[in-house]
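Residues per chain are reported as follows:
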Amino acid sequence: MNWYLENGKDSDIIISSRIRLARNIKEFPFKIKMTKEDKNKLLEKVKFITPSIGYNLKFLYLKDIDDITKMSLVEKHILSPEIALNKEQDSAILINDQENICIMINEEDHIRLQVFTSGLDLQNTLDLAIEIDEKLNEILGFSSSEKYGFLTACPTNVGTGLRASVMVHLPALKITGNLSKLLHIVNSFGMTIRGAYGEDSKAKSDIYQISNNQTLGITEKEIVTNLENITKKVMEQERLARKYLAKNSDDLEDKVYRSFGILTNARKLSSEETDNLLSDIKLGTDLGIIEELNDNKVKELMLYTKPANLQKRVGKLLDSNERDKNRAVVIKKIIRGDK
């Protein structure tokens, strides 16, 4: 099973953990200064060494991946929108079958190494990322400085080059009106909190991404420990808000079952409406109010109702109206357990 459909530690609130390392190869200029020939040489170099990296990684040119598949990977948070929408056709990825390892080549940096897991598990995710990173460095030779650490295209990544992040589901804090106060506190501790798709994105399904700001003058372990501590505080506040809501259980049950009723009986559903309904339904399932669903089915619903993954599941391209109708059909099939 792919990692994004699995249950992880504290997955009632923590959707996923991600470690991303930004790296550049010594023999090439930063991407902004690279010629087309440089970019192609870099791609060929990485393609050649792929078998020696291991981890069952496959080298794929982005130009050989159809647009729906690329967008399905964006919806899974595996590809950045920037690389998926790149019209220059000069990028590639290394990815394994479980899709928990994805290395983007020629994104903002030469290499963006990413490792993912379900739930809260930053330390093990970091250990695997460092293991792969050390192997890549040994083969490719990364650009670094004794004073500054790893050198990156964007100054905000210099040092460790590490961006650690967690996806969190915070519906109760939103319902109780405490979300903005918590977001302010998180930012004051040197963390950034954004929508699920990173910079400039809005929160969907009440899902937010918390990540570190600082990469210079701090170790990878310190970054991960700080993020884990902040995340645990956020979890604590969300669980307190859920307890508070549970005291008014009639109102909460009414809210989540209204959403469940719309989701299971509607004949057409837009992506945005489905996102909002699924936030209530995940909350209701996690609190044991909705007994008809479990966490695995909620994960399937959250993935396969997104536009690109919906079309991948149905097996054909759909216009907006067809997507809305098929979304309602797919929802019913997932709830029933149909394939």
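Treat the numbers as computed from the prediction; the structure is a model and nothing was measured.

> Hey, could you run me through the overall build of the protein in this one?
Scanning the protein from terminus to terminus reveals 12 helices and 10 strands. Taking 339 residues into account, the globule formula puts the C-alpha radius of gyration at 20 Å, and the protein, at 21 Å, falls close to it. In the protein, which comprises 339 residues, the share counted as buried stands at 52%. For the protein, the proportion of contacts with a sequence separation of at least 24, taken over those separated by at least 6, is 70%. As displayed, the protein has an accessible area near 16,100 Å², and 49% of this comes from carbon and sulfur atoms. The distance from the centre of the 51 positive side-chain charges to the centre of the 51 negative ones in the protein is 2 Å.

> Any chance you could explain the pairing of strand 8 (residues 162-169) here in plain terms?
Across a regular strand the side chains alternate sides, sitting on one face of the sheet and then on the other. Burial analysis of strand 8 places eight of its eight residues in the buried class, the great majority of the element. Pairing of strand 1 (residues 14-23) with strand 8 involves seven bridges; the strand directions are antiparallel. In the strand pairing of strand 8, Ser-16 is matched with Met-167.

> In this structure, what is going on with the sheet that holds strand 10 (residues 207-212)? I would like to understand it.
The strands making up a sheet associate through backbone hydrogen bonding, with each pair oriented either parallel or antiparallel. Spatial ordering of the open sheet is given by 2-3-4-5-1-8-10-9, a layout of eight strands whose pairing is antiparallel. The two strands at the open ends of the sheet, each matched to only one other strand, are strand 2 (58-61) and strand 9 (191-195). Strand-to-strand twist in this sheet, taken as the mean axis angle between neighbours without regard to direction, amounts to 20°. Strand direction decides the pairing type here: strand 1 and strand 5 (residues 111-118), joined by eight bridges, are antiparallel. When the bridges of strand 5 are listed, Arg-18 appears paired with Phe-116. The strands touched by helix 4 (residues 122-140) within the sheet are strand 1, strand 4 (101-105), strand 5 and strand 8, with strand 5 carrying the most contacts at an inclination of about 155°.

> So what exactly am I meant to see when it comes to the nonpolar core here?
Across soluble globular proteins, nonpolar side chains show a tendency to be buried alongside one another. Within the largest apolar cluster, 98 residues are counted, with the highest numbers of intra-cluster contacts made by Ile-19, Leu-79, Ile-93, Ile-103, Leu-136, Ile-210 and Leu-263. Of the residues forming this core, the biggest block, eight residues, is contributed by helix 7 (residues 220-247). Filtering out sequence-adjacent residues up to four positions away, Ile-103 remains in contact with Leu-57, Ala-92, Ile-93, Leu-94, Ile-111, Arg-112, Leu-113, Ile-132 and Leu-136.

> Mind showing me how you'd approach the environment of Thr-264 here?
With respect to the helices, strands and loops of the structure, Thr-264 is situated in helix 8 (residues 249-265). Between the C-alpha atom of Thr-264 and that of Ser-320, which follows or precedes it by 56 residues, the distance is 20 Å. Ignoring sequence-local partners within four residues, the contact set of Thr-264 consists of Lys-332 and Ile-335. At a separation of 2.7 Å, a polar atom in the side chain of Thr-264 contacts the main-chain carbonyl oxygen of Phe-260.

> Please clarify how the pairing of strand 10 should be interpreted in this entry.
For strand 10, the buried fraction is high: six of the six residues fall into the buried class. Alternating residues of strand 10 divide into Ile-207, Gln-209 and Ser-211 and Tyr-208, Ile-210 and Asn-212, and every residue in both groups is buried. As paired elements, strand 9 and strand 10 share five bridges and run antiparallel to each other. Bridged to Ile-193 within strand 10 is Ile-210.

> Just checking my understanding: could you explain the pattern of salt bridges for this structure?
For the structure on display, the rule yields 21 salt bridges. In this structure, Asp-133 engages Arg-23 in a salt bridge whose closest nitrogen and oxygen atoms are separated by 2.9 Å. Within this pair, whereas Asp-133 is found in helix 4, its partner Arg-23 is found in strand 1, the two being separated by 110 residues in sequence. By relative accessible area, which is 7% here, Asp-133 ends up buried. Linking Asp-67 and Lys-70 is a salt bridge whose minimum nitrogen-to-oxygen distance equals 3.7 Å.

> Would you mind going over helix 4 with me for this structure?
Helical geometry note: an α-helix holds 3.6 residues per turn, so side chains three or four residues apart project in the same direction. Given a rise of 1.5 Å per residue, 19 residues ought to cover 27 Å, and the 26 Å separating the end C-alpha atoms of helix 4 matches this to within 8%. For helix 4, every residue scored as buried is listed here: Leu-122, Thr-125, Leu-126, Ala-129, Ile-132, Asp-133, Leu-136 and Leu-140. Seen along its axis, helix 4 keeps its buried residues to an arc of 135°; they face one direction. Relative to its buried face, helix 4 has exposed residues pointing more than 90 degrees away, namely Glu-134 and Glu-138. One or two steps after helix 4, the chain reaches Gly-141, where phi turns positive at roughly 80°.

> Hey, could you run me through unusual backbone geometry in this one?
Outside of glycine, negative phi angles account for most residues, and trans bonds account for most peptide bonds. We note that Asp-10 has phi near 60°; this positive angle belongs to a residue other than glycine. One can find Asp-10 in the segment before strand 1. Of the residues examined, Asp-10 reaches a relative accessible area of 21% and is grouped as partly exposed. A positive phi angle is found at Asn-56, which is not glycine, with a value near 55°.

> Looking at this structure, I do not really get the side chain of Ser-205. What am I missing?
Here Ser-205 is to be found in the loop between strand 9 and strand 10. Excluding anything up to four places from it in sequence, Ser-205 contacts His-169, Asp-275, Ser-279 and Met-302.

> Can you help me understand the packing of helix 2 (residues 67-75) against helix 11 (residues 307-314) in this one?
What describes two packed helices is the angle between their axes and the distance between those same axes. In the contact formed by helix 2 and helix 11, the axes pass within 7 Å of each other and the chain directions differ by 125°. Taken together, the axes of helix 2 and helix 11 are oblique relative to one another. Once helix 2 is placed against helix 11, the crossing between them reads as left-handed. When helix 2 is examined against helix 11, the residues Ile-68, Thr-69, Met-71, Ser-72 and Glu-75 are found in contact with a partner set consisting of Pro-307, Ala-308, Asn-309, Gln-311 and Lys-312. Among the residues making up the contact of helix 2 with helix 11, the classes are represented as four nonpolar, four polar and two charged.

Reading the values: rules and limits
Residues numbered from 1 in each chain as written. Predicted model: local features only at pLDDT ≥ 70, side-chain atom pairs only at ≥ 80, totals over all residues. Heavy atoms only, no water. Helix = DSSP H or I, 4+ residues; strand = E, 2+ residues; numbered from the N terminus. Rg over C-alpha atoms; globule rule 2.2 N^0.38 Å. Buried < 20%, exposed > 50% of the residue type's maximum accessible area, 1.4 Å probe, protein only. Contact = heavy atoms within 4.5 Å. Areas by Shrake-Rupley, 256 points an atom, 1.4 Å probe, with all protein chains shown as cover. Lys, Arg positive; Asp, Glu negative; His and termini not counted. Charge placed at Lys NZ, Arg CZ, Asp CG, Glu CD. Pairing = 2+ DSSP bridges. Axes fitted to C-alpha atoms, helices over the stretch in contact; angles between N-to-C directions. Core = buried A, V, L, I, M, F, W, Y, C linked by side-chain atoms within 4.5 Å. Polar contact = N/O pair within 3.5 Å; in protein donor to acceptor, adjacent residues only side chain to side chain. Salt bridge = Lys/Arg side-chain N within 4 Å of Asp/Glu carboxyl O. Expected span 1.5 Å × (residues − 1). Arc of directions from axis to C-beta. Parallel < 35°, antiparallel > 145°, perpendicular 65-115°, else oblique. Left-handed = near helix turned anticlockwise from the far one by under 90°. Nonpolar A, V, L, I, M, F, W, Y, C, P; charged D, E, K, R; others polar.

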